[in-house]
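# Descriptive structure summary
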Amino acid sequence: MSGFAPVFREAGLLKRDRAFIGWVVLTLLLSVVSVVGGIAEVSKQRETIARLIEGDREDRLEARAKQGDWGGAAYYSFHLTYDPPSNFAFAALGTRDQEPWKHRIRMLALEGQIYERDAGNPVLALTGRFDFAFFAAFVLPLVLIAVLHDLQASERGAGRHELLIATSGISSSPWRLRAWLKAGAVFIAAALPLLVGCIVSGTSMTRSLMAPAILCGYLAFWSFVSYRIARRERNPSVILATLLGVWVMVGVVGPAAGKLVIDHQVPVPQGADILMTQREAVNDAWDLPKEVTMDAFVARHPEWSQYAAVDRPFEWKWYYAFQQVGDQKAEPLSLAYRESRLHRDRLAGWFAWLTPPALLQRSLQRIADTDLRAHMEYEANVRLFHGQLREFYYGKLFPDAPFDTDALGGLPEFDPGMAAP
Amino acid sequence: MLSNRLRLQAEELRVIRGGKEVLKGITFAVAIGEVYGLLGGNGAGKSTTLLTFLGFLDLAGGNARVNDALVSEDVVAARRSIAYLPESASLYEHLNARENLRYFLGLAGSAGDDESMEAALDRVALPAEARDRRLADYSKGMRQKVAIALAILRNTDTLLLDEPTSGLDPTAIDEFHDLVRTLADDGKTVLMVTHDVYGACQVADRIGLLRDGRLVGEFSAPAGGRIDTEAVHRAFSSREAV
């Protein structure tokens, strides 16, 4: 007999098992839904970005046309910044559901602008999006539990258990092979739509292979757990309840407990505090002696110290100086906020090794550039671009350069990859 | 060489299941070409005895030997030399007779050819028109026939049969007894567990009477004759040791 004969034998048995085929078909359908939904969302985000890029340019030209000085041009010109989705983002939308991936920023204080976001749907935020990462992390284990929990118990119930072992001679046969075939079929049903999605989305070969490899490891973990527990001589409902208990602990209670502990250990300043600090600094500046503002500004930008004198009641350079000083006041809080979030994220990354569903989601989000690190890189891009805007306008405002619309052509352009390592 | 041409040997077998001593030191042996009937009421330890030869149970004492080798030392070899027919053998209901035979033969490591499968099904008198139907549509007796056909096709030295005639009609029982006798005449060793006194006397060369985990008596058929049903029945019904 050929070495593959047992595989063909068990595969032949499984393909006649309607309940199992039903689970495989359901897996395939859910995978298709998650992939198609992800691709649709990514397309929508790309279309939004394309539409905004076009509108942004027109809007800025229109705003500039009405202005006669640098300060006005800076005040009324909005600049689009955006974080385009990667070619694998369809599989793991990650932080793109919670964090802003597009802004329209101005020369005003940045801290008041960078945390602005579109109002999200609170129901969607509660349930999460049914993307492939969610499907794979939380639904696939349930499918595996459904098809593996009664691997031996169903045979015991049918009175076949001893016959099968006595006939094969080996206690582990045919359970192990059957378990791997079942898990393999579930893996193929889940991975196939993902691979098609990768091809459709133009995902790189590396990413296209990494994701199924990670998924394979994840399903191997759940298959092993299900197989070990299913071997126990208990009735199927007890085995099922045990496996569901493991799923709840590993997939729900574990991550929630980890988050509680991490949140407690690593306090993060409130975003509202950053906003309030910056706003109060800006508002107070109107009533402060102008030298106080300009001294604080020059301390950061000594290159403009020779132009720091403010003679008139209102000057744009003073106005933008106190916007910057507002950012400077909020800077310690803002830095602490960013560092704490990254610290929490690092701890969550370590903790995820204890909670495989979270580990899978994080891994897919890393591949898709939709994790917190990718979002922080986008924020860094926005900060860098805002800094370039300031540099451009300060060079016009402080020396009191004559207004020249042609010179506006030298304004920095936002590049999504500008701060990428 | 096998000792005294013995295929199965139970030596002071003791088995404890769920804290209860189910077998309390039973000893018997079955020779090549012999049909041995283990007779007893419910809970006497009949099926447990069969399972010890298949290595499914840990022994609290004694030994079980198949072909002179200790089952505990090479359970795979023991199982491979035995065709086991469990009580109410449940084959796969979503497969037909041929598919079931093919699956289980494959599991045993042998590829059953169509010709030998048809011959085995003929031998157990499974109607030809039923062979392509799913077992879900079979009567209990028909399913039993497929399981017996499997035992024949395994072509092992030894058959362990657990209540093999349960659910069969009288004609099928007679046919089955004839079949068992033919197999024994071909040199197969048959250990058959039953509570059917009449059936056991019809087919067995020897009968062991189990009661409460103890072998309380043995009956042998006289040369060319059958075991005395009346004597066995009296012993079976009595609470006394034989």
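What counts, and where the lines are drawn
Residues numbered from 1 in each chain as written. Chains lettered and ligands numbered in written order. Predicted model: local features only at pLDDT ≥ 70, side-chain atom pairs only at ≥ 80, totals over all residues. Heavy atoms only, no water. Pairing = 2+ DSSP bridges. Helix = DSSP H or I, 4+ residues; strand = E, 2+ residues; numbered from the N terminus. Core = buried A, V, L, I, M, F, W, Y, C linked by side-chain atoms within 4.5 Å. Buried < 20%, exposed > 50% of the residue type's maximum accessible area, 1.4 Å probe, protein only. Domains from an automatic or database assignment. Contact = heavy atoms within 4.5 Å. Axes fitted to C-alpha atoms, helices over the stretch in contact; angles between N-to-C directions. Buried area = accessible area lost by both parts, 1.4 Å probe. Salt bridge = Lys/Arg side-chain N within 4 Å of Asp/Glu carboxyl O. Polar contact = N/O pair within 3.5 Å; in protein donor to acceptor, adjacent residues only side chain to side chain. Nonpolar A, V, L, I, M, F, W, Y, C, P; charged D, E, K, R; others polar.

## Describing the pairing of strand S2 (residues 20–31) of chain B
For a regular strand, side-chain orientation follows a simple rule: the groups alternate between the two sheet faces. Residues and elements named next belong to chain B. For strand S1 (residues 6–17) and S2, the ladder comprises 9 bridges, and the chain directions are antiparallel. Looking at the pairing, Ile16 lines up with Glu21 of S2. In this structure, the hairpin formed by S1 and S2 is closed by a connection of 2 residues, where Gly18 is found at a positive phi of approximately 60°.

## Side note on the nonpolar core
Within the largest apolar cluster, 138 residues are counted, with the highest numbers of intra-cluster contacts made by Phe88(A), Phe53(B) and Leu191(B). Counting residues per element, this core draws most heavily on helix H6 (residues 132–148) of chain A, which supplies 13 residues. Both of domain 1 (1–81 + 156–242) and domain 2 (89–154) of chain B provide at least three residues apiece to this core. In contact with Phe88(A), other than residues within four places in its own chain, are Leu194(A), Cys198(A), Thr203(A), Arg207(A), Ala211(A), Leu364(A), Ile367(A) and Ala368(A). Formed by 44 residues, the second largest nonpolar core is a distinct cluster that contains Trp101(A), Met107(A), Ala308(A) and Phe398(A).

## A closer look at the sheet that holds S2(B)
Residue and element names in this part refer to chain B. Taken together, the 4 strands give an open sheet; going across it, the order is S2-S1-S4-S5, and neighbouring strands pair in antiparallel fashion. Each edge of the sheet is formed by a strand with only one pairing partner; in this case those strands are S2 and strand S5 (69–70). Helix H1 (residues 46–53) contacts S1, S2 and strand S4 (61–66) of the sheet and is inclined by roughly 115° relative to S1.

## Re the interface of chain A and chain B
The partner chain B presents 23 residues to the 23 residues of chain A that form the contact. With both sides pooled, the region where chain A packs onto chain B buries about 2200 Å², and carbon together with sulfur makes up 63% of that total. It is Arg16(A), Leu163(A) and Thr167(A) that lose the most area in chain A upon contact with chain B, and together they represent 28% of the buried surface on that side. Between the two partners, chain A and chain B, sit 1 salt bridge. Between Glu99(B) and Arg16(A) there is a salt bridge, with its nearest N and O atoms 2.6 Å apart. The interface formed by chain A and chain B holds 11 residue pairs in polar contact (both at pLDDT 80 or more) in total. Sorting the residues of the side of chain A that touches chain B by element identifies helix H1 (5–15) and helix H8 (161–168) of chain A as the ones contributing at least two each. Top element by residues in the side of chain A that touches chain B is H8(A). It accounts for 7 residues. Its residues placed into classes, the side of chain A that touches chain B shows 9 nonpolar, 6 polar and 8 charged.

## Concerning the domain arrangement of chain B
The accessible area lost on association of the parts is a frequent measure of interface size. Residue and element names in this part refer to chain B. If you check the domain split of chain B, you get domain 1 (1–81 + 156–242) and domain 2 (89–154). The C-alpha-based centres of domain 1 and domain 2 are spaced at 25 Å. With 16 residues of domain 1 in contact, the opposing surface of domain 2 contributes 11 residues. Of the roughly 1000 Å² buried where domain 1 meets domain 2, counting both sides, 58% is carbon and sulfur surface. Contact with domain 2 buries surface across domain 1, with Thr156, Leu168 and Leu179 losing the most and accounting together for 38% of the total. Taken together, domain 1 and domain 2 are joined by 1 salt bridge. Two residues, Asp186 and Arg123, come together in a salt bridge whose shortest N-O distance is 3.9 Å. Applying the counting criterion to the domain 1 and domain 2 interface returns 2 residue pairs in polar contact (both at pLDDT 80 or more). Where the side of domain 1 that touches domain 2 is concerned, the elements lending two or more residues are helix H2 (75–80) and helix H6 (170–185). Tallying contributions element by element places H6 first for the side of domain 1 that touches domain 2, with 6 residues. In terms of residue class, the side of domain 1 that touches domain 2 is built from 7 nonpolar, 4 polar and 5 charged.

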